[in-house]
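# Architecture at a glance
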Amino acid sequence: MTIDELIAAARSGSTRAAGRLLSLVESSRRDEVLEALGATKPPRIVGLTGPPGAGKSTTVAALVGAYRDRGKRVAVLAVDPSSPYSGGALLGDRIRMAAHINDPDVLIRSVATRGHLGGLAATVPAATRLLAALSYDLIVLETVGVGQSEAEIAAIADPTVVVLNPGAGDAVQAAKAGLLEVADIVVVNKADREGADQTVRDLRAETKAPILKLIAAQGEGIPELVEAIEAHARADSPERRKARARAQILSLAQTRLRSHGDLDRLAESVADGRSDPYTAAEQLFAIPVEP
């Protein structure tokens with residue numbers, strides 16, 4: 001099938017065609033797909049992040065159910081920033097999302113970000129634009145709360161929801177890891193466990209973001225989380241959208257510069273004393289980046 005035929009099939013409800021298109025936007029044919037889409041409405045994106053074991057996938061599954069109850073079409077992108085072939089965590093995500101696997105209005109996709117296009121910043125904006133063009137009302141991004149991916153997800157999603165567990169020092173550890181810096185909403189999941197109230201108190205000392213208690217596995221607190229997400233969306237503005245777009249551009253530019261073919265050569269010239277960082281930086285900008 002041609003790209004136009006795949007788009008037509010996906011818009012008619014074929015999740016298989018949508019999956020093939022997502023594979024194309026993760027490849028060197030990304031620009032072909034985006035050009036074929038033409039102008040699209042801005043995607044509605046909610047990001048979920050947090051440390052491993054916090055219950056992000058269970059929270060995502062519960063959120064998907066809540067939005068499906070509202071008649072919304074939902075796409076889930078489970079982002080793995082560490083490996084293109086990692087199976088463990090993402091396989092677990094699919095198992096937890098099993099209740100929605102056969103729903104034609106729910107698309108679940110694992111996204112590996114270490115491809116030749118480079119990074120979350122390069123992969124996800126194209127995927128979310130595609131999904132918005134295919135009439136998905138909400139796109140949920142889930143990623144592990146470690147590393148550069150958190151800053152990148154904050155540039156793409158609005159809001160970014162940080163999921164944590166009760167536990168001594170968890171709030172402080174999250175703050176040290178930079179997770180609370182990207183949080184628009186903080187969720188303390190497994191709130192029936194001992195220490196949940198103390199974790200909430202500790203978080204209030206670390207962040208001004210709204211803090212909710214949740215028992216995702218039982219659906220408790222999900223309506224309140226949906227309302228917090230919707231309230232955040234209602235408060236959106238052209239200035240905030242421009243700030244997100246600016247952050248995306250800068251994040252993508254940084255990703256492309258990191259993979260620039262001349263970076264190592266320029267670094268060697270600085271290390272050997274034949275050049276200096278200022279001159280090398282100017283030269284790096286002056287050399288065209290390979291697509």
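Keep in mind that this is a model prediction, so the values were computed, not measured.

### Observations regarding the overall build of the protein
Looking only at helices and strands, the protein features 13 helices and seven strands. The buried share of the protein, reckoned over its 291 residues, is 47%. Considering only intrachain contacts with a sequence separation of at least 6, the fraction spanning at least 24 residues in the protein is 74%. A total of about 14700 Å² of accessible surface is found on the protein, and carbon and sulfur atoms cover 52% of it.

### With respect to the pattern of salt bridges
It is possible for side chains bearing opposite charge to pair when their charged atoms get close. Here the structure, examined in full by the defined rule, presents twelve salt bridges. Glu227 is paired through a salt bridge with Arg234; the nearest N and O atoms lie 2.6 Å apart. Two residues, Asp262 and Arg265, come together in a salt bridge whose shortest N-O distance is 3.0 Å. Arg265 gets classed as partly exposed once you look at its relative accessible area, which sits at 45%. Taken together, the salt bridges that share partners define one network made up of Arg68, Arg73, Asp103 and Asp105.

### With respect to unusual backbone geometry
Residue Pro159 is reached from Asp158 by a cis peptide bond, and omega for that bond is 10°. The topology assignment puts Pro159 in the loop between α7 (149-156) and β5 (160-164). Despite not being glycine, Ser135 has its phi angle at roughly 70°, a positive value. Tracing the backbone through its elements, the reader meets Ser135 in the loop between α6 (119-133) and β4 (138-144). Even without being a glycine, Lys190 presents a positive backbone phi close to 55°. Locating Lys190 in the fold gives a position in the loop between β6 (185-188) and α9 (196-204).

### A look at the nonpolar core
Ranked by size, the top nonpolar core spans 32 residues in total, and within it Leu21, Val33, Leu130, Leu131 and Leu141 carry the most contacts. Put simply, the parts of the chain that give this core at least two residues each are α1 (3-11), α2 (15-25), α3 (30-37), β2 (74-80), β3 (106-112), α6, β4 and α7. Apart from residues no more than four positions distant in its own chain, Leu21 is found in contact with Ile3, Leu6, Ile7, Ala10, Val33, Leu130 and Leu134. With 27 residues, the next largest nonpolar core counts Ala54, Leu63, Ile185 and Leu214 among its residues.

Reading guide: rules and limits
- Per chain, the residues get numbers from 1 upward, laid out in the order the sequence is written.
- Local features in this predicted model are restricted to residues of pLDDT 70 or higher, and side-chain atom pairs are both shown and tallied only at a pLDDT of 80 or more, whereas totals for entire chains, interfaces and linings draw on every residue.
- Note: side-chain values were computed over all heavy atoms of the structure, leaving out hydrogens and water.
- The numbering of helices and of strands both runs from the N terminus, where a helix is a DSSP run of H or I of at least 4 residues and a strand a run of E of at least 2.
- The cut-offs for exposure are 20% and 50% of the maximum accessible area for each residue type, with area from a 1.4 Å probe on protein chains only; residues under the lower value are buried, those over the upper are exposed, and the others partly exposed.
- For this analysis, residues touch if any pair of their heavy atoms sits within 4.5 Å.
- Surface accessibility follows the Shrake-Rupley procedure with a 1.4 Å probe radius. Residue values consider only the protein chains on display as shielding.
- We define a salt bridge as a side-chain nitrogen of Lys or Arg found within 4 Å of a carboxyl oxygen belonging to Asp or Glu.
- For our purposes a nonpolar core is just a set of buried Ala, Val, Leu, Ile, Met, Phe, Trp, Tyr and Cys residues, chained together by side-chain atoms within 4.5 Å.

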